[in-house]
Amino acid sequence: MHALGAEFNIIVVRYPTDKTLNYRELLAHARRSLPTDEPYFILGESFSGPLAISLAAETPSHLCGVILCATFARNPRPYLTPFKSLLAVAPVHWMPPAVLSWALLGAFGTRMLRSDIAQAVGRVAPAVLRTRLQMVASLDVSAQLSVLVVPCLYLQATHDRLVPESAAEHIKSILPQVSLVRINAPHCLLQTVPENAASVVSTFLRESILLKQAADIRHNPMQFK
C-alpha cells in the first residue's frame, strides 16, 4: 500500500516462508506487530483476512478499524472441503507460472507483476503452502466477525478467480454495517490497482479516525476541555 503515501505509517507483517505455523501461531505472530500506544488499523488481504478478523475480535484498545481485501471469513470454496486431505500432498510447487498468473492477476497482469508474483510464491516452501491451503479449507471465523465493533471496509475484486462474490455476501450477512466497495480488479487487487485501492482506503481511514475521536470525546469529555 505504498500508494497511500507518507500520510500513514505502514507496517507489513510477513509470515515465515520456510516454517509451517498453525493458525494460533500465525495469530500470535501477527499480534506481536500491533502497536500498543497509538491508533492503528488492521488490513487483512486474502489468506490474512481471517487473521485480521480474529485480531479485531479481541477488541484491542487502540484499534480504529479493519480493512478486508479479497478475502473471506470461512472457506470460500466449500465444495472442495471433502478433498481437504488431498491438500497435504498437493503438488503446489509444480503450478505453471501461466496458471498462477491466470488465477491471481487475470487480464490485469503485466510482465513485472507476473514476475513479482512468481517470485513471491516461489519463496514459500511447498509444505507451508499446503498447510495454508488446509487452513483455508477448515477456517471459520464468522463468530469472531459478528462481534466486531470497529468500522470495517471490504474491498471486493470484481474479477477475482479465487474468492467468489459469495464470500463478501457472507461477511455482509454477518456484519451488515461493513462498507463494501467493488473495484475492477483481479484477486491481487492491491498490487494491480494500487491508486484506486489507496483512494478508497485513505477515505475510510480518515473517516474512521474522526469517528473514534468523536467517540473518545463522548466517553471522556473532561479530557478534551
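To start, this report covers the structure provided alongside it. (Residues numbered from 1 in each chain as written. Predicted model: local features only at pLDDT ≥ 70, side-chain atom pairs only at ≥ 80, totals over all residues. Heavy atoms only, no water.)

When a strand is regular, its side chains alternate between the sheet's two faces. Only one face of strand β1 (residues 40–45) is buried: it carries Y40, I42 and G44, and the other face, with F41, L43 and E45, is open. Pairing between β1 and strand β2 (residues 63–69): six bridges, direction parallel. When the sheet's bridge partners are listed, F41 is paired in β2 with G65. You can see the chain leave β1, run along helix α2 (residues 49–57) and come back into β2, and the turn it takes is right-handed. (Buried < 20%, exposed > 50% of the residue type's maximum accessible area, 1.4 Å probe, protein only. Helix = DSSP H or I, 4+ residues; strand = E, 2+ residues; numbered from the N terminus. Pairing = 2+ DSSP bridges. Right-handed = clockwise from strand over helix to strand, strands pointing away.)

With that out of the way, let us pick up the sheet that holds β1. If you trace the four strands from one edge of the open sheet to the other, you get β1-β2-β3-β4, paired in parallel fashion. The outermost strands of the open sheet, each flanked by one partner alone, are β1 and β4 (179–183). Neighbour to neighbour, the strand axes of the sheet diverge by 15° on average, direction disregarded. With five bridges joining them, strand β3 (residues 152–157) and β4 adopt parallel strand pairing. Each residue of the ladder has a partner; that of Y154, found in β4, is L180. Lying over the sheet, helix α7 (residues 165–174) contacts β2, β3 and β4, oriented at roughly 165° with respect to β3. (Axes fitted to C-alpha atoms, helices over the stretch in contact; angles between N-to-C directions. Contact = heavy atoms within 4.5 Å.)

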